Amino acid sequence: MNIPNSNVPRLVIIGGGFAGVALARKMIQEDVQLVLLDRHNYHTFQPLLYQVSTASLEPDSIAYPLRKIVKRAKNTFFRMAEVTAIDPEIQKVHTNIGSISYDYLVIATGARTNFFGNTTIENNAMRMKNLPQALNLRSLMLENLEQAVITTDPEKRKELLRFVLVGAGPTGVELAGGIAELKLNVLPKDYPDMDFSDMEIHLIEGAPRILPPMSEFASEKATKFLQRLGVQIHINTQVQNYENHLVTTNTDLTLRTATFIWSAGVTGAPVSGIKAESLVSGANRYQVNQFNQIEGYEHIFAIGDISVMQTKSYPKGHPMVAQPAIQQGKHLAKNLKRYLKGKQMTPFEYFDKGSMATIGRNKAVVDIGRLRFGGFFAWFIWMFIHLWFLVGFRNRFVTFFNWVYNYINYDKAARLIVRPFKNKEDVVERV
C-alpha cells in the first residue's frame, strides 16, 4: 500500500460512508496515523441517489472526493482498495492492493441490498445503493423510453412504460414520486408523439401501509400525495419472483415490466475474518457494546449500518439511516481521543432528530419527535436538511441551483444516457 511507518498509533478506517467520514474528519488532526480505505474514491450522499436515477441531479452533485477529506493533515492517507479479509491475531487488514497493519481498526462498511435469499430477483432486479447503480437505473429508464417511442407493439410499449418498485420505505416512496413527476411534467415535452396515459408506476409493499418506520400520519399523507401523482400502491403484497419481465406476487397481482426496482430492504456488509459469534444472527451486522467495540475485540470497532448496539430504547439496534452513523462516527472520535490519553470511554447515546421523505414538488412528510408535518412546509424542511448535510460547499451550491432550475422550469436537466445499460441477458457483467 506504500504507507510509511509511523511512531504514533495507526488508525485504519474501512469505509467512506457517513460513519467513516464523520470519524475521519474528527481524527485527522489527532496524534495518530489515519488510513482510510474504500472501494470508491468518493463519499456518496445516499439520500439523494434517487435524484440521480430520476435525472434531477448529476452524480458529482452528491459525491465528494475522499482525498479532499484526508489531505488536510500530513499523517493521513487514503487508498482506493477493496478489503478482502481481516486478521485480528496479527492485526492486519488484507486488500486487493496489499495488506496493512493497524493499532486500531474501525469497520464502517455500511449495508447492501437485501434480497432475502431470492437469487432470481437478485440477478434480475435493479437496485440503488451506490452511484453506478443509480446511473444504471437512469440509463435503463431512458433507454426503455427510447424503445417505447419506436415500437409498434402496444403491449410491448406498455411493458416498457410500466415501472414496478418493491419496498415502500423512504427510498421507494421518493423514487416513485420522482418518476411520477417525470411522467407529469417532463416526459410529455421530450416525447410529444407518445401517449403517456400508458405509463404506469406501481409501488409494492409487504406491510399494511407505506413508510412503515414513520408515523401513521406520514403514511397517510404520503399515500394521498402518491395517489394524486398517479402512483398505484399495493400494500400487504409480497413479490415472489421477477423473471423474463414478469413480476409475480403472493396475491393475484402479476405485472409485466421492463423496469423492476428493488428497494425492499438492506443487510449488513461484513468483512471476512471477524469470528461468527460477533455477528448478529440473520442481520450480517456486528454486535457492539456501548463504546462501539465489536464483542470479543478491544481494538476493533464497528459504526453505522454494519453495527448493532442493543439498548432499552433500541433492542434491535439503531435505525440503518444516516443520523445514527454520523453520530456514532463523531462519538467514537471522542472516545478514541480519550482512550489514547488513558481516559475511560463514554457510552454512546443516540439522539433521534426525526425522519422524513419527499414525494415530489411541494410534497413531503416529516416526523420530529411528536411533531408531524406534511406538504409544503415539510418539503422545505426536507430540502434544508439535505442541503445542510451535503459534504462540500460546491455540492450544496450545485444541488441548490439544480433544484431552483427544476422548480422554476418544471424540468430535469440530466436526462442523458451517458453510460448505456444492458440487462444481464445482453452482457455478462454490470457494475
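Coordinates for the structure precede this section.
Residues numbered from 1 in each chain as written. Predicted model: local features only at pLDDT ≥ 70, side-chain atom pairs only at ≥ 80, totals over all residues. Heavy atoms only, no water.

## A closer look at the overall build of the chain
From N to C terminus, the chain includes 11 helices and 25 strands. Computed over C-alpha atoms, the radius of gyration of the chain comes to 22 Å, within 12% of the 22 Å expected from 2.2 N^0.38 for 431 residues, which places it in the range of a compact globule. For the chain, the C-alpha atoms occupy an extent of roughly 70 × 50 × 45 Å along the three principal directions. Taken over 431 residues, the chain has a buried fraction of 54%. Excluding contacts between residues fewer than 6 apart, the proportion of contacts in the chain whose partners are at least 24 apart in sequence is 64%. Carbon and sulfur atoms form 51% of the exposed surface of the chain, whose accessible area is close to 20,000 Å². Computed over 49 positive and 38 negative side-chain charges, the inter-centroid distance for the chain is 9 Å. (Helix = DSSP H or I, 4+ residues; strand = E, 2+ residues; numbered from the N terminus. Rg over C-alpha atoms; globule rule 2.2 N^0.38 Å. Buried < 20%, exposed > 50% of the residue type's maximum accessible area, 1.4 Å probe, protein only. Contact = heavy atoms within 4.5 Å. Areas by Shrake-Rupley, 256 points an atom, 1.4 Å probe, with all protein chains shown as cover. Lys, Arg positive; Asp, Glu negative; His and termini not counted. Charge placed at Lys NZ, Arg CZ, Asp CG, Glu CD.)

## Concerning the packing of aromatic side chains
According to the stated counting rule, one finds 13 aromatic pairs in the structure shown. Relative to W379, the ring of F376 has its centre 5.7 Å away and its plane inclined at 45°; by these criteria the two rings are tilted. Of this pair, F376 and W379 both sit in helix α10 (residues 376–389), 3 residues apart, which is roughly one turn of the helix. Assessed through its relative accessible area of 48%, F376 is described here as partly exposed. Aromatic pair F393 and F397: ring centres 6.4 Å apart, planes at 25°, arrangement stacked. Highlighted residues: F393 and F397, both in helix α11 (residues 393–409), separated by 4 residues, approximately one helical turn. (Phe/Tyr/Trp six-rings, centres within 6.5 Å; stacked < 30°, edge-to-face > 60°.)

## A short note on the side chain of Q323
Looking at the secondary structure, you find Q323 in helix α9 (residues 322–340). Residues within four places of Q323 in sequence aside, it is in contact with Y350, K353 and F389.

## Here we look at unusual backbone geometry
Residue Q91 is not a glycine yet carries a positive backbone phi of 55°. Within the fold, Q91 resides in the loop between β6 (83–87) and β7 (92–95). The exposure class assigned to Q91 is partly exposed, which follows from its relative accessible area of 27%. Non-glycine residue F116 carries a positive phi angle of around 55°. Tracing the chain through its elements places F116 in the loop between β10 (111–113) and α4 (119–124).

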